[in-house]
Amino acid sequence: MKFARLVWANIFRNKRRTFLTAASVAVAMFLFASLRSIITTLEASAELGSEARLVTRNAIGITFPLPEAYTSRLKSTSGIRNVSWANWFGGVYQDPQDFFAQFAVHGESYFAMYPEIRIPDDQLDLFLRERTAAIVGTGLMERFGWSLDQTVTLQGTIFPGDWEFTIRGVYTPDNPSFSDQTMYFRYDYLFERTNRQVTPGWFILQLEDPTAAANISTTIDALFENSTAPTATETERAFQAGFVTMWGNVAGLVRAIGTAVFFAILLVAANTMMMAARERINEVAVMKTLGFQNRTLATLVLSEATIITGVGGLIGLLLAKGFINPANPVNVMLPGFILTTGTFVAGVGISIALGLVSGAVPAWQSARLSVVQALRRVA
Amino acid sequence: MTTTKPSSDQTSSGSQTATALVEIRDLKKSYYRDSQEIPVIEGVTLTINRGEFLAMMGPSGSGKSTLLNIIAGLDSAEHGSVIVDGENVTAMSARQLATWRGRHIGFVFQFYNLLPVLTAYQNIELPLLLTELSKRERKEHVLTALDVVGLTDRAEHFPRQLSGGQQQRVGIARAIVSDPTIILADEPTGDLDAKSAEEILDLLTRLNEEFQKTIIMVTHDAKAAERAHAVMHLDKGVLSR
Amino acid sequence: MKIPLIYNLRSLRQRPISTLTTAIGMALVVAVFVAMMALSNGFRAALVGTGAEENAFIVRKGANDEMSSGLSRQTVSTISSLPFVAKDDEGRPLISPETFVVISLQRINGGMGNVVVRGVSPQAIKVRRGVEIIEGKMFRIGAREIIVGKTLAQTFPNTAVGEQITFGGQPWTVVGHFSANGSAFESEIWGENEQFMPVFRGEVFQSVTFRMSDPSAFAGIAETLENDPRLFVDAHREVEFYENQSAQLGTILNFVAVFIASIMAVGAVFGAINTMYAAVASRAPEIGVLLTLGFKPRNVLSSFMVEALVIALIGGLIGCLIVLPINGLVTSTTNWSSFSEIAFAFRVTPRLLMYGLVFAAGMGLVGGFFPAWKAARQHVGDHKTRRVNSLLELPLNPRKPRKDSAAESTEPSDSPQKEIGGHGFRSVSYISYFRGFRGFSGKQKHGMGTNLLADLQRSLHSKASKR
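(A) Representation of unusual backbone geometry. Of note, the phi angle at Asn195 of chain A is positive, near 55°, even though the residue is not glycine. Mapped onto the elements of the fold, Asn195 of chain A is located in the loop between helix 7 (187-193) and strand 9 (202-207). Look at Asn113 of chain B: it is not a glycine, yet its phi comes out positive at around 55°.

(B) Spatial organisation of the interface of chain A and chain B. Listed as interface residues are 19 residues of chain A and, on the opposing side, 21 residues of chain B. Broken down by secondary-structure element, the contributors of at least two residues to the side of chain A that touches chain B are helix 1 (4-11), helix 11 (281-289) and helix 15 (371-378) of chain A. Counted by class, the side of chain A that touches chain B contains 9 nonpolar, 5 polar and 5 charged residues.

(C) Quick look at the interface of chain A and chain C. The interface is formed by 42 residues belonging to chain A together with 45 residues belonging to chain C. Elements with a minimum of two residues in the side of chain A that touches chain C: helix 2 (15-46), helix 9 (236-245) and helix 10 (250-279) of chain A. Looking at the side of chain A that touches chain C, the element that brings in the most residues is helix 10 of chain A, giving 13 residues. Residue composition of the side of chain A that touches chain C, by class: 26 nonpolar, 13 polar and 3 charged.

(D) Main features of the environment of Asn215 of chain A. Here Asn215 of chain A lies in helix 8 (residues 213-223). Asn215 of chain A sits 136 residues away from Gly79 of chain A along the chain, and the two C-alpha atoms are 9.8 Å apart.

(E) Representation of the sheet that holds strand 4 (residues 79-84) of chain B in the model. All names here are of chain B. Strand order in the open sheet made by the 4 strands is 2-1-4-5, with antiparallel pairing throughout. Each edge of the sheet is formed by a strand with only one pairing partner; in this case those strands are strand 2 (36-49) and strand 5 (87-88). In this sheet, strand 2 lies alongside strand 1 (residues 20-33) in antiparallel orientation, the contact comprising 11 bridges. Across the sheet, the residue bridging to Ile24 is Leu46, located in strand 2.

(F) Structural detail: the sheet that holds strand 10 (residues 238-240) of chain B. All names here are of chain B. Strand order across the open sheet formed by 6 strands is 6-7-8-3-9-10, with mixed pairing between neighbours. With one partner strand each, in any of the chains shown, strand 6 (105-108) and strand 10 form the two edges of the open sheet. The sheet shows a mean angle of 20° between the axes of neighbouring strands, direction not considered. Where strand 3 (residues 53-57) meets strand 8 (residues 214-218), 4 bridges bridge the pair, whose relative direction is parallel. When the bridges of strand 8 are listed, Ala55 appears paired with Met217. Along the sheet face, helix 1 (residues 64-71) touches strand 3, strand 7 (182-186), strand 8 and strand 9 (230-235) and points at about 150° away from the line of strand 8.

(G) Fine view of helix 2 (residues 16-48) of chain C. In this model helix 2 of chain C runs 45 Å from its N-terminal to its C-terminal C-alpha over 33 residues, within 8% of the 48 Å that 1.5 Å per residue would give. Among the 33 residues that make up helix 2 of chain C, 29 are buried, leaving the element largely enclosed by the rest of the structure.

(H) Fine view of the packing of helix 10 (residues 297-323) of chain C against helix 11 (residues 350-376) of chain C. All names here are of chain C. Relative to each other, helix 10 and helix 11 sit at 150°, their axes nearing to 7 Å. Overall, the two elements helix 10 and helix 11 adopt an arrangement that is roughly antiparallel. Every pair of crossing elements has a handedness; the one defined by helix 10 and helix 11 is right-handed.

(I) Seen up close, the nonpolar core. Membership of the largest hydrophobic core comes to 258 residues, with the highest contact counts inside it found for Val29, Val32 and Val34 of chain C. With residues near it in sequence (within four places) discarded, Val29 of chain C still touches Ala264 of chain A together with Ala261, Met264, Ala265, Ala268, Gly319 and Met363 of chain C. The next biggest cluster of nonpolar side chains, apart from the first, holds 43 residues, and it includes Trp85, Ile117, Tyr171 and Ile216 of chain A.

(J) Structural view of the environment of Ile41 of chain B. Residue and element names in this part refer to chain B. By the secondary structure assignment, Ile41 is in strand 2. For the pair Ile41 and Leu27, spaced 14 residues apart in sequence, the C-alpha separation works out to 6.9 Å. Look past the residues within four positions of Ile41 in its chain and what remains in contact with it is Leu27, Lys28, Lys29, Gly63, Thr66, Leu67 and Gly237.

Calculation criteria
Residues numbered from 1 in each chain as written. Chains lettered and ligands numbered in written order. Predicted model: local features only at pLDDT ≥ 70, side-chain atom pairs only at ≥ 80, totals over all residues. Helix = DSSP H or I, 4+ residues; strand = E, 2+ residues; numbered from the N terminus. Contact = placed C-beta atoms within 7 Å. Nonpolar A, V, L, I, M, F, W, Y, C, P; charged D, E, K, R; others polar. Pairing = 2+ DSSP bridges. Axes fitted to C-alpha atoms, helices over the stretch in contact; angles between N-to-C directions. Expected span 1.5 Å × (residues − 1). Buried ≥ 20, exposed ≤ 12 C-beta atoms within 10 Å, placed from the backbone. Parallel < 35°, antiparallel > 145°, perpendicular 65-115°, else oblique. Left-handed = near helix turned anticlockwise from the far one by under 90°. Core = buried A, V, L, I, M, F, W, Y, C linked by C-beta atoms within 7 Å.

Given below as structure tokens:
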């Protein structure tokens, strides 16, 4: 490109201004990428649950348990390969602010149903043999500096008292969106310690044929409709999505902020390009005199603007990429907080769009510029 | 309304057979201020021959710069035509004009108008970027032009590192580098001290005599006008000899 | 000696587009900042407003929330009989033993929402001062009747007075709507505790709220209750209990507000710096003039700071106007300690708007400082010669020539600099003033005009004569 040097010279004409503009785009793109990653992560976690598993809970609400006796009735329902159940424990380790999830699960059936949770076979065997055993996610192990075979004490909130667990296994999720911040322990431990008062919080049903999910859900709910504890059954994905909606309108909020950021920075960039163009009215007139076409001049201005915003945006995105990683504390709340390729591409696209839009006004002005008037103004 | 006759017999340029290069026919142009018409050029007819060095003089606001701008295709006329080398400039579109200017016009400005971010070399190379020339060919042309204006050792200097006279010489080099048909100079010595002005005029004379460049120069300066073969006076839009 | 503000205002008017784009950029930052703060403010208000200062709130020992608490009838009647429980005019204790469950209900717009169903004593409305029936009436004792919070009534179907909702396997008739000062109670369903007990969790209460006869004696009351061997409870001030529930999310929201707004502010400040540098660069001749007239560099500094501040405050005001309509907008989130939904409104308070303006002013000052500093430093050192010197070369070259070019520049050779003696300074500077000035205003569509010159001189002289 023989015009490259011209663009280059103009970019470095006012280094401070170029730097500030690129930096403000970088900042905006950093923010954009971080915010969009929150949305994509939320969306990913809404789609995390399997379509091949159903969750049956008490129709009154998730905090109401179901009778254990339902197990056999669920097992005998046609189309269901396997049944497991779990309970929310709600324990606190040292500091109540340091939240993490604990589930009491029926070990034999639960892990068989969740290939997402990868546990070494020998560790799973140990877990199944020891009532107070627990299996803990890698992230959680790291967070509290726990080690295998360590005994940890949790304070129960729903189930009062001090609860001791021995970590016998460490699991690795097979997918970044699946939390590595969870602790699983044995349902029978919970059952025995609460004087057999506890019943399953919810059931998980593995389907033989995922396409039959809707029918089977209806069948099950009809089965218990007139019993003491009516059920609500839905696919695990819908169940998970329900939790995600509990965040409220985060996505909308984040989008609103993102839009505001975009326009704020657009104004900064456009203002800069207009200032740059105003300084160069005379030069544009000279170049027109030399025979430069409007098209060429517009291309020069647009390239300049796009390079500045593009480089700035790229820097911002790379910074965000470095910032959004598994070690980020946000991961505790939002497992799988990663910068997706889609976000990166969108960020680059927006940066370029910022350049084109902010360069458009000066480009248009230079096309409209009357050489005679511009030169007279100087003379 | 004064009509100036074609003056091939009066011009004695370096070329042997004087042929008409620029033909201006009954050119009229007005400006409007608050719907009031202010005529700038009132029916100018003029023929300029190939190889001629013409000076145009006149008081401020006499329309001489406007005339120059119309010849350069920078400004439009309301009436009449300008034909340069057989091409009707007044009938061209803005886009055609830009291309045409790049090919046929070398413009020298009063205030040099070099791009401050480019070196002397790069400034001179600018018009060549619009051509099909390769990088090597462009270099040849630029070095030649620098040599003609005597600034070979200043190629890598930026405008702000050059004196006014030097800047104007870069401006002239830029005007001739693409070997244009006509050189148009708008008060080329207007912003220079006497010595530098003299140098610039020497340069223009040389371009005319040695390289047979057709030059149309607008000037205030009688001394500058002396260098030309012919002097036209423009007063209130009317041309006289 | 101050440079009159009108000078800055006119300068701003001279470049309206760049002033406005910079201001609107800042406005958006301020808008986001205030909106986020309003969100966190609203959330906090919803939970804090839930509690009252003069109420004590009792849960089972170790329970952090109502969900995981449980209190027996025995415990409740023990507490009721204690002397520090205030009594109403008829001598009944102002106490409300409550059941607390969260149920799933279909929302108006589809999807399920988790709703708190609170079983209260008929005294509850008296215990909680802010609660008011705004439509219909209070539920009757012994009836399957409920009253619903007014925000809940907007988001869930069949909640109009007279309609029926089914939950816990029973139909419940809505007999009233209540408001509660925008607190989280407005997202709840209330009915009689005795009616809910058999339907949900059996013979157990989750909490007890009572009015203290002497609120200042809370510490003593808490100690008595917590040490009573018949009881196994924790006592909180009601307001503190709910505040703690909101603390975590409130802190997160505030942090996010400051974090996002700061990052955006960095971008906007960069824009402001650009704008102000451009303003300073294009007005270099004027600055020379101001200094020649006798203004001090610090006057120039403060003048440009003021200009940046004006832009920022315009931005701040626009930002506040943009954000104002979100006031009262209802949004919802989940109270993670009970998995229940809390609806709350954005609360844009005058205080927040003031924060927004202060934030804008901060951006303006930061963004304006370096350019203003540059403007003021145009003439440090020996004032007399430097002033004139710069004044003479400024109209020719608005930017200072670089060091490397100074040697080769031919300009100084015929510059009148050498002719200027210390005494001739004034007159020469005025000549150059007009020269430079005319040159400058000739370039601009709207020159500063002679009025401004007159303004400046007048201001200078009046100040000087006062001394």
